[in-house]
Amino acid sequence: MSELIQEFNDYRSKMNEKLLADNNKIVKRIFNLDTNAYAPGALDVKTKELLGLVASAVLRCDDCVKYHLETSFKEGVSKEEMMEAMGIATLVGGTIVIPHLRRAYEFWEALEEAETK
């Protein structure tokens, strides 16, 4: 697995464990709500992940973008689908999203490379 992907996942896992171990009811409920929101429903998981990706890019949350990119990749989203979604995010969010688009593209390439190894 790419160092970029591994570092992100390791840090995210470590900090999530710490946050949840703190036993804060509000934080636990938000985490649970987030998990349930992306479960299959009227919309499939792939669509929900792309929606999350667009929203995260517009909000300029690189951690969120990486999370949704990795999950989208695992759900079978193609590079073309991801780029179309990121194009919409850039249109909606404006040119300030371009640095996040660059980092998203770099992370997607790392996901593709990790899959071929």
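Summary of the structure given here. Note that the structure is predicted; figures quoted are calculated from it, not measured.

Criteria and thresholds
Residues numbered from 1 in each chain as written. Predicted model: local features only at pLDDT ≥ 70, side-chain atom pairs only at ≥ 80, totals over all residues. Heavy atoms only, no water. Core = buried A, V, L, I, M, F, W, Y, C linked by side-chain atoms within 4.5 Å. Buried < 20%, exposed > 50% of the residue type's maximum accessible area, 1.4 Å probe, protein only. Helix = DSSP H or I, 4+ residues; strand = E, 2+ residues; numbered from the N terminus. Axes fitted to C-alpha atoms, helices over the stretch in contact; angles between N-to-C directions. Parallel < 35°, antiparallel > 145°, perpendicular 65-115°, else oblique. Left-handed = near helix turned anticlockwise from the far one by under 90°. Contact = heavy atoms within 4.5 Å. Nonpolar A, V, L, I, M, F, W, Y, C, P; charged D, E, K, R; others polar.

**Overview of the nonpolar core**
For soluble globular proteins, nonpolar side chains are generally found buried alongside one another.
Link 1 in the chain: Formed by 20 residues in total, the largest nonpolar core has its most connected members in Leu 53, Leu 69, Met 82, Trp 108 and Leu 111.
Link 2 in the chain: Those elements that provide at least two residues to this core are α1 (3–21), α3 (45–58), α4 (62–74), α5 (79–93) and α6 (98–116).
Link 3 in the chain: Examining the composition of this core, we find that five residues originate from one element, α6, more than from any other.

**Quick look at the packing of α5 against α6**
Link 1 in the chain: Running from amino to carboxyl end, α5 crosses α6 at an angle of 165°, the nearest separation of the two axes being 10 Å. Considering the angle they form, α5 stands roughly antiparallel to α6. α5 and α6 meet at a crossing whose hand is right-handed. When α5 is examined against α6, the residues Lys 79, Met 82, Met 83, Met 86 and Thr 90 are found in contact with a partner set consisting of Ile 98, His 100, Leu 101, Ala 104, Tyr 105, Trp 108 and Glu 112.
Link 2 in the chain: Classifying every residue of the contact of α5 with α6 by side-chain character gives eight nonpolar, two polar and two charged.

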